[in-house]
Amino acid sequence: MRSFLKAALRTNTLSRTRPAQTLASPRNRSFDSVNWTRSHVRAMSASTSAVSGVVEAARGVFSRRLLPSEHLTEKDVQELLKSLGKITVNEVGLAKNAEEERAKAAGLLSGLPFARQKDRRPPVTYYHIYECPDFTVGIFCIPEGRDIPTHDHPGMTVCSKVLYGRVRVESYDEAPDLAGAAGAPPGAIVARKVRDDVVTEGSGPQTLFSESGNIHRFSAVESCAILDVLGPPYDSSQGREIAYYEEDEAEGLGLGEGASVLRKVLPPDDFVVEGRPYTGERVA
Ligand SMILES: N[C@@H](CS(=O)O)C(=O)O
């Protein structure tokens, strides 16, 4: 069973009581055609679309190139980043969500019942757009105050674009060079925090590579949507199994300035990703 699904099933009853297709991630993303809405069908008539442009550019990076993902550089993903730059909430069917979230953030909907449901801890949602053996494309929506916990993308490259909202990105690089790193507790790695900032739609597309910024956490400062292209996909049979981490106390271990100790953990109990039917432009 794919690792994400295993983790999700392990984590909570909500997951177990829902039909399998409501759980989704790049590792579990098949949707039934009944989920397609009218707008989706309308979009099918378009012969090309900005979303198809992203898929085509991703093919150029992950399918046609002989270079393994581990060796990709900024230069190799430029076309893909350019095509991601053209995507807005309109192309992916999230204009209404974005409008509602902006209104909530501005306090305009504070009298309405759903605005009072903060304690319900809404889940992260996932809109599956496309997958093939070389890469996957989908959108994660993270409600304000929730996160995608610290995790890695072994041997993978990920190009992303924030479509709305504000997300804090904390990224780490493994740092075997740090003094004392070899003495990390079993099941832990020594890493350097290489990034801690807030990203918005205006920040433009971003990339993480197999050796840089590969471990990260997304925390929604405001509810946000992130379009992700991951290549190659997670696949435990190929050594690309997702791992989750928690930061341990590094002080007193003599690891040197800026060192973090990341201990491998199971995903938190309340971390659940629910699938939603994608209603945006169809991939030609
Ligand atoms: N790679 C994460 C999502 S993220 O890095 O945007 C996952 O597939 O769960």
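Worth saying up front: this structure is predicted, and the values here are computed from it rather than measured.

Trainee: I'm lost on the side chain of aspartate 76 in this one. Help?
Mentor: Looking at the element boundaries, aspartate 76 is found in the loop between α4 (50-63) and α5 (78-85). At a separation of 2.8 Å, a polar atom in the side chain of aspartate 76 contacts the main-chain amide nitrogen of threonine 73. Residues in contact with aspartate 76, not counting those within four places in the same chain, are Val61, Arg65, Leu67 and His71.

Trainee: Quick question: what am I supposed to make of α4 here?
Mentor: Three- or four-residue spacings in an α-helix give side chains the same orientation, since the helix completes a turn every 3.6 residues. For α4, built from 14 residues, the straight-helix expectation of 20 Å at 1.5 Å per residue is met to within 8% by its first-to-last C-alpha distance of 19 Å. Within α4, the full set of buried residues consists of Val51, Ser52, Val54, Val55, Ala57, Ala58, Val61 and Phe62. Elements in contact with the buried residues of α4: α5, β1 (124-131), β2 (136-142), β4 (157-174) and β7 (215-231).

Trainee: Could you clarify how one ought to interpret the nonpolar core in this entry?
Mentor: Nonpolar side chains tend toward joint burial in soluble globular proteins. Grouped together as the largest cluster of nonpolar side chains are 34 residues, with contacts concentrated most on Leu80, Val92, Ile129, Phe135, Ile139 and Val229. Broken down by secondary-structure element, the contributors of at least two residues to this core are α4, α5, β1, β2, β4 and β7. For this core, the element with the highest residue contribution is α4, accounting for 7 residues. Other than its neighbours up to four places away in sequence, valine 92 contacts Val51, Ile87, Ile129, Ile139, Leu163, Tyr278 and Gly280. Counting 22 residues, the second largest nonpolar core, distinct from the first, contains Val162, Ala220, Cys224 and Ile226.

Trainee: I'm lost on the confidence of the model for the chain in this one. Help?
Mentor: Low pLDDT marks stretches whose predicted atomic positions should not be read closely. Taken over all residues, the pLDDT of the chain has a mean of 82, while the share at 70 or more is 77%. When the criterion is pLDDT under 50, residues 1-46 qualifies, and its contacts beyond four places in sequence or with other chains add up to 85 contacts. Prediction confidence for the complex, expressed as pTM and ipTM, is 0.81 and 0.96 respectively.

Trainee: Would you mind showing me how to read the side chain of lysine 161 here?
Mentor: Locating lysine 161 in the fold gives a position in strand β4. The buried charged residue lysine 161 lacks any salt bridge, with glutamate 201 as its nearest oppositely charged partner at 4.5 Å. In contact with lysine 161, other than residues within four places in its own chain, are Leu84, Gly85, Ile87, Glu201, Pro205, Ala225, Ile226 and Leu227.

Trainee: How do you make sense of the packing of aromatic side chains when you look at a structure like this?
Mentor: For any pair of aromatic rings, the description rests on two quantities: the centre-to-centre distance and the angle between the ring planes. Counted under the stated rule, the structure contains 4 aromatic pairs. Pairing phenylalanine 62 with phenylalanine 135 gives two aromatic rings, centres 6.1 Å apart and planes at 35°, and the pair type is tilted. Of the two residues, phenylalanine 62 sits in helix α4 while phenylalanine 135 sits in the loop between β1 and β2, which places them 73 residues apart along the sequence. The same class applies to phenylalanine 62 as to phenylalanine 135, namely buried. Aromatic rings pair up to connect Phe62, Tyr130 and Phe135 into one cluster.

Criteria and thresholds
Residues numbered from 1 in each chain as written. Predicted model: local features only at pLDDT ≥ 70, side-chain atom pairs only at ≥ 80, totals over all residues. Heavy atoms only, no water. Helix = DSSP H or I, 4+ residues; strand = E, 2+ residues; numbered from the N terminus. Polar contact = N/O pair within 3.5 Å; in protein donor to acceptor, adjacent residues only side chain to side chain. Contact = heavy atoms within 4.5 Å. Expected span 1.5 Å × (residues − 1). Buried < 20%, exposed > 50% of the residue type's maximum accessible area, 1.4 Å probe, protein only. Core = buried A, V, L, I, M, F, W, Y, C linked by side-chain atoms within 4.5 Å. pLDDT = per-residue confidence, 0-100. Lys, Arg positive; Asp, Glu negative; His and termini not counted. Salt bridge = Lys/Arg side-chain N within 4 Å of Asp/Glu carboxyl O. Phe/Tyr/Trp six-rings, centres within 6.5 Å; stacked < 30°, edge-to-face > 60°.

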